[in-house]
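The residues making up each chain are set out below.
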Amino acid sequence: MRALQLTHVQLDELRLKLCGTAEATWPWVACDARTKIIPAFALGPRTQTLAHQLIHEVAQRLALGISPSENRNE
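Model, not experiment: these values are computed from the prediction.

What counts, and where the lines are drawn
Residues numbered from 1 in each chain as written. Predicted model: local features only at pLDDT ≥ 70, side-chain atom pairs only at ≥ 80, totals over all residues. Heavy atoms only, no water. Helix = DSSP H or I, 4+ residues; strand = E, 2+ residues; numbered from the N terminus. Contact = heavy atoms within 4.5 Å. Core = buried A, V, L, I, M, F, W, Y, C linked by side-chain atoms within 4.5 Å. Buried < 20%, exposed > 50% of the residue type's maximum accessible area, 1.4 Å probe, protein only. Expected span 1.5 Å × (residues − 1). Arc of directions from axis to C-beta. Salt bridge = Lys/Arg side-chain N within 4 Å of Asp/Glu carboxyl O.

Draft legend 1. Quick peek at the environment of Ile 37. Relative to the elements of secondary structure, Ile 37 occurs in the loop between β2 (26-32) and β3 (40-44). Along the primary structure Ile 37 and Leu 6 are separated by 31 residues, whereas in three dimensions their C-alpha atoms are 8.4 Å apart. Not counting residues within four places of it along the chain, the set of residues in contact with Ile 37 comprises Met 1, Leu 4, Leu 6, Ala 30, Cys 31 and Asp 32.

Shown next, in the form of structure tokens:
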């Protein structure tokens, strides 16, 4: 997916503990609130590095000139 025109992207992470594992893992999801399109997701530790990687991946998938933080009247 490239050149997406998403206007309200929400990022969230959830704690996931699987049976038989010592450590919890974190599924990270970016989702557009209006269209429910998921342009990026990741599975890994709850670190700022992984959060930045997810945001960078979302930014690469947006159309040129599109910023989901812009305030638009639609």
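Draft legend 2. How the structure looks around the nonpolar core. With 13 residues, the main nonpolar core has Leu 6, Val 9, Trp 28 and Val 58 as its most contacted residues. Elements represented by at least two residues in this core include exactly β2, β3 and α1 (48-61). When residues of this core are assigned to their parent elements, the largest contribution, 4 residues, is made by α1.

Draft legend 3. Structural context of α1. Taking 1.5 Å of rise per residue, the 14 residues of α1 would be expected to cover 20 Å, and the 20 Å separating its terminal C-alpha atoms lies within 8% of that figure. Within α1 the residues assigned to the buried category are Leu 50, Ala 51, Leu 54, Val 58 and Arg 61. Buried residues of α1, seen end-on, are gathered within an arc of 105° and therefore sit on one face of the element. Turned more than 90 degrees off the buried face of α1, the exposed positions are Gln 48 and Thr 49. On its buried side, α1 packs onto β1 (9-13), β2 and β3.

Draft legend 4. Spotlight on the pattern of salt bridges. All chains considered together, the criterion is met by 2 salt bridges. Between Arg 46 and Glu 13 there is a salt bridge, and its shortest N-O distance comes to 2.9 Å. One end of the pair, Arg 46, is in the loop between β3 and α1; the other, Glu 13, is in strand β1, and 33 residues separate them in sequence. Owing to a relative accessible area of 52%, Arg 46 belongs among the exposed residues under this scheme. Here Glu 57 and Arg 61 are joined by a salt bridge, their closest N and O atoms 3.0 Å apart. Here the residue Glu 57 and the residue Arg 61 both occupy positions in helix α1, the gap between them amounting to 4 residues, near one helical turn. Of the residues examined, Glu 57 reaches a relative accessible area of 27% and is grouped as partly exposed.

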